[in-house]
Amino acid sequence: MTRLRAVILGALGIVLLGVLWEAYKALGPAAGFEAFGIQLLPRTSDLAMPHLIDMLDRALSPVNTAADSQPVWLTVTLACLSSLGTAAVGLAVGAVVGFGLALLMLRFRIAESAVLPWLILSQTVPLIALAPVIVSWGGRVHIGEFEWQRWMSVAVIASYLAFFPVAVGALRGLQSPLAAQVELMHSFAAGWWRTVLHLRLPASVPYLIPAVRLGAASAIIGTVVAEVSTGAKGGIGRLIIEYAQSGSSDPAKAFSPIAGAVLMGLATAGVVALVALTLGRFRSNEVPA
Amino acid sequence: MTAVQVTGVTKTFTTKAGLVTALDDVDLTVEKGEFVSLIGPSGCGKSTLLRLIADLDTPTSGVIEVFGKSARQARLDQDYGIAFQTAGLLPWRSVAANIELPLQLHGVDRVGRRQRVAQLIELVGLGDFARSFPEQLSGGMQQRVAIARSLAERPELLLMDEPFGALDEMTRERMQSELVRISAETGAAVIFVTHSIPEAVFLSDRVVVMSPRPGRIRKVIDVKLGDARGEGLREESAFFASVTEVREALHGAPATGTARGVDTR
Ligand SMILES: Nc1ncnc2c1ncn2[C@@H]1O[C@H](COP(=O)(O)OP(=O)(O)OP(=O)(O)O)[C@@H](O)[C@H]1O
Ligand SMILES: [Mg+2]
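This one's a predicted model, so the numbers in the text were calculated from it and none came from an experiment.

Thresholds, definitions, all that
Residues numbered from 1 in each chain as written. Chains lettered and ligands numbered in written order. Predicted model: local features only at pLDDT ≥ 70, side-chain atom pairs only at ≥ 80, totals over all residues. Heavy atoms only, no water. Helix = DSSP H or I, 4+ residues; strand = E, 2+ residues; numbered from the N terminus. Rg over C-alpha atoms; globule rule 2.2 N^0.38 Å. Buried < 20%, exposed > 50% of the residue type's maximum accessible area, 1.4 Å probe, protein only. Contact = heavy atoms within 4.5 Å. Core = buried A, V, L, I, M, F, W, Y, C linked by side-chain atoms within 4.5 Å. Pairing = 2+ DSSP bridges. Near = heavy atom within 4 Å. Polar contact = N/O pair within 3.5 Å; in protein donor to acceptor, adjacent residues only side chain to side chain. Areas by Shrake-Rupley, 256 points an atom, 1.4 Å probe, with all protein chains shown as cover. Axes fitted to C-alpha atoms, helices over the stretch in contact; angles between N-to-C directions. Salt bridge = Lys/Arg side-chain N within 4 Å of Asp/Glu carboxyl O. Expected span 1.5 Å × (residues − 1). Domains from an automatic or database assignment. Buried area = accessible area lost by both parts, 1.4 Å probe. Nonpolar A, V, L, I, M, F, W, Y, C, P; charged D, E, K, R; others polar.

Observations regarding the overall build of chain B
If you tally the helices and strands in chain B, you get 8 helices and 10 strands. Relative to its length of 265 residues, chain B is compact, with a C-alpha radius of gyration of 18 Å against a globular reference of 18 Å. Principal-axis analysis of the C-alpha atoms gives chain B an extent of 55 × 45 × 40 Å. A total of 265 residues make up chain B; the buried ones form 52% of that total. Considering only contacts within chain B whose residues lie at least 6 apart along the sequence, 70% involve residues at least 24 apart.

Re the nonpolar core
All names here are of chain B. Ranked by size, the top nonpolar core spans 47 residues in total, and within it I39, I99, F192, V201, V209 and V246 carry the most contacts. Top contributing element to this core by residue count: helix 5 (residues 139-151), with 6 residues. Filtering out sequence-adjacent residues up to four positions away, I39 remains in contact with K46, T194, H195, S196, I197, A200, V207, V208, V209, M210, V246 and L250. L50, L56, Y80 and L90 belong to the second largest nonpolar core, which has 42 residues in total.

A few points about the pairing of strand 9 (residues 206-211) of chain B
Each regular strand displays side chains that alternate between the two surfaces of the sheet. Residues and elements named next belong to chain B. Across the 6 residues of strand 9, 6 count as buried, placing the element largely inside the fold. Residues R206, V208 and M210 line one face of strand 9 and the alternating positions V207, V209 and S211 line the opposite face, and both faces are buried. For strand 3 (residues 35-39) and strand 9, the ladder comprises 4 bridges, and the chain directions are parallel. Paired with L38 across the strands is V208, a residue of strand 9. Pairing of strand 9 with strand 10 (residues 216-222) involves 6 bridges; the strand directions are antiparallel. Across the sheet, residue R206 finds its bridge partner in strand 10, namely D222. Hairpin connection between strand 9 and strand 10: a loop of 4 residues separates the two successive antiparallel strands, and R213 in this loop has a positive phi of roughly 45 degrees.

Some remarks on the site of ligand 1
Residues and elements named next belong to chain B. Looking at ligand 1, there are 13 residues lining it, with S42, K46, S47, T48 and H195 nearest. In this structure, an oxygen atom belonging to ligand 1 sits 3.0 Å away from a main-chain N or O atom of G45. Coverage of ligand 1 by the protein chains reaches 63% of its 630 Å² of free accessible surface. Put simply, the parts of the chain that give the shell around ligand 1 at least two residues each are strand 1 (2-15), strand 2 (18-31) and helix 1 (46-53).

A closer look at the sheet that holds strand 8 (residues 189-194) of chain B
Residue and element names in this part refer to chain B. On the basis of which strands lie adjacent, the open sheet formed by 6 strands has the order 6-7-8-3-9-10 and mixed pairing. Both edges of this open sheet fall to strand 6 (80-83) and strand 10, since each of them pairs with a single strand only. Recorded for the sheet is a direction-independent mean angle of 15 degrees between the axes of neighbouring strands. Here helix 5 sits on the sheet in contact with strand 6 and strand 7 (157-161), set at roughly 170 degrees to strand 6. Contacting strand 3, strand 9 and strand 10, helix 8 (residues 237-251) crosses the sheet at an angle of about 165 degrees to strand 10.

Focus on the pattern of salt bridges
Residue and element names in this part refer to chain B. Under the counting rule described, the total for this entry stands at 13 salt bridges over all chains. For the salt bridge of K32 with E156, the shortest nitrogen-to-oxygen distance reads 3.6 Å. Note that K32 is positioned in the loop between strand 2 and strand 3 and E156 in the loop between helix 5 and strand 7, a separation of 124 residues in sequence. Of the residues examined, E156 reaches a relative accessible area of 42% and is grouped as partly exposed. Its salt-bridge partner being R206, residue E34 comes within 2.6 Å of it at the nearest N-O pair. Residue E34 is located in the loop between strand 2 and strand 3, and its partner R206 is located in strand 9; the two are separated by 172 residues in the primary sequence.

Examining helix 6 (residues 169-186) of chain B
Residues and elements named next belong to chain B. If you check helix 6, its first and last C-alpha atoms are 25 Å apart, about what 18 residues at 1.5 Å a residue would give, namely 26 Å. Of the positions making up helix 6, those classed as buried are T171, R172, M175, Q176, E178, L179, V180, I182 and S183. In this fold, the buried residues of helix 6 make contact with strand 3, helix 4 (110-123), helix 5, strand 7, strand 8 and helix 7 (197-203). Looking one or two places after helix 6, you find G187, whose phi comes out positive at around 65 degrees.

Description of the domain arrangement of chain A
Residues and elements named next belong to chain A. When its domains are assigned, chain A resolves into domain 1 (1-49) and domain 2 (50-282). Computed from C-alpha coordinates alone, the two centres of domain 1 and domain 2 are separated by 28 Å. Across the contact, 9 residues belong to domain 1 and 9 residues belong to domain 2. The largest per-residue losses of area from domain 1 upon contact with domain 2 belong to W21, E22 and L47, which jointly make up 54% of the total buried on that side. At the junction of domain 1 and domain 2, the tally comes to 0 salt bridges. Linking domain 1 with domain 2 are 3 residue pairs in polar contact (both at pLDDT 80 or more). When the residues that make up the side of domain 1 that touches domain 2 are grouped by side-chain class, the tally is 4 nonpolar, 1 polar and 4 charged.

This is the structure we're talking about:
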């Protein structure tokens, strides 16, 4: 029942957003609102704020005038799938690294105080600054037949964002068992690994699920931003830039890849939620994210 | 042969408020198959003593031997089973899987595990609940699961810290009878912490009365009620004589009131 309510509320939110958009477009000042030379509210012209119906119409029509041109929605969907693949690789790498770091911090108390500040610091490095560095490092990787691809750099950047919430959530989860439960394992003469396997890991599931959800969202944002800033081809980030550049002549087109990116994020959250459902019995004490 | 030999054990804790002497020069011997209760006011070191025997903590000084070995070796050899005041079940495991846990950890094969778990579930009378999860059980049923789990490896020593503390009076008396039966059947030595004088007397061969600050053994009382501990025993005069003896030992003089932290149920 609560799930149904969440869906309805979510749908209502989207409708409300659309209504606000059209209402502002109809009623707002044509030149927007400017103060101290800064544009605070956008212009309401069709150029700045196309009608929703125009965006939809644009999404359904071909990308350009070429005879074999695909419809915009198909191009956007394919680009989204490509980005999703990259983000999934990034998330997988990030989750493994994040969980590994959490295990390390769990095992060695010193590691926790030594590593944790660096983890937090790592997240303050702006992504835009990082992207070119990683691309240029990647460019130097040649191992036999293996050639570093641009999308791999993008995946690395995505994993850079994704590992953090996983590491923090996993550490909290692994440390969540009560002293009495840990002592019980001790009384069974279970070593560190077995305690992790039979007690700490299952106990961490309620913490891992929101952590992975957050990590997945971060991986997608990282992927899109990295695609924009590295110019990697094939992904949704590239499409956002490309379509935005045709903005003055075709303003409604630019909103298709943006909508695509949003839907991609929602789909990912849905997939994580589905996976979480299969872990039902570990979730009796789930903690809110 | 002795099951547990505690010699000159002292345990101090360093706290913010200063040094706390939880146990001061404690000596205790528990023979094989013997049922010994620890009773005393809150904070007299009962749990601490049990934890030291279980090697969940180490004494500040003194020696603890379990079946002639160090406490640590006995723990590694799984010579004891332990049940705490709270059942401490893993919520994601079913009743059967919770009981199975120690067997699984020690590499008992699947068939062996299933047989043993079926026996244990029968033993504690939870036959219909093997597949239930802990949250679906009452406190008393959870406690029985914990007891079954402590028996899984057929230990020759059972350590129990107020296992019936959270139970209602009726369940409690039934569990006491079951425990008497189980300990007789398995021949295990039991060290049993309780706050209830009748419970201690009903269950035990010997009752160890402790006093706090610092934690010491004040008196050890032999309860000679014989082996036939039926329900009728609770009505017998020998039973009441022992209850009175324990109560007087707790107060350090003939009883006038009730010692703090000890109920006389
Ligand atoms: N980990 C610890 N750190 C500091 N002090 C402790 C610790 N464990 C026990 N103590 C102290 O040792 C003393 C004995 O504690 P213990 O838990 O053994 O008492 P107890 O007899 O089991 O009491 P109760 O009947 O209330 O369970 C208490 O004064 C307690 O404050
Ligand atoms: Mg205690």
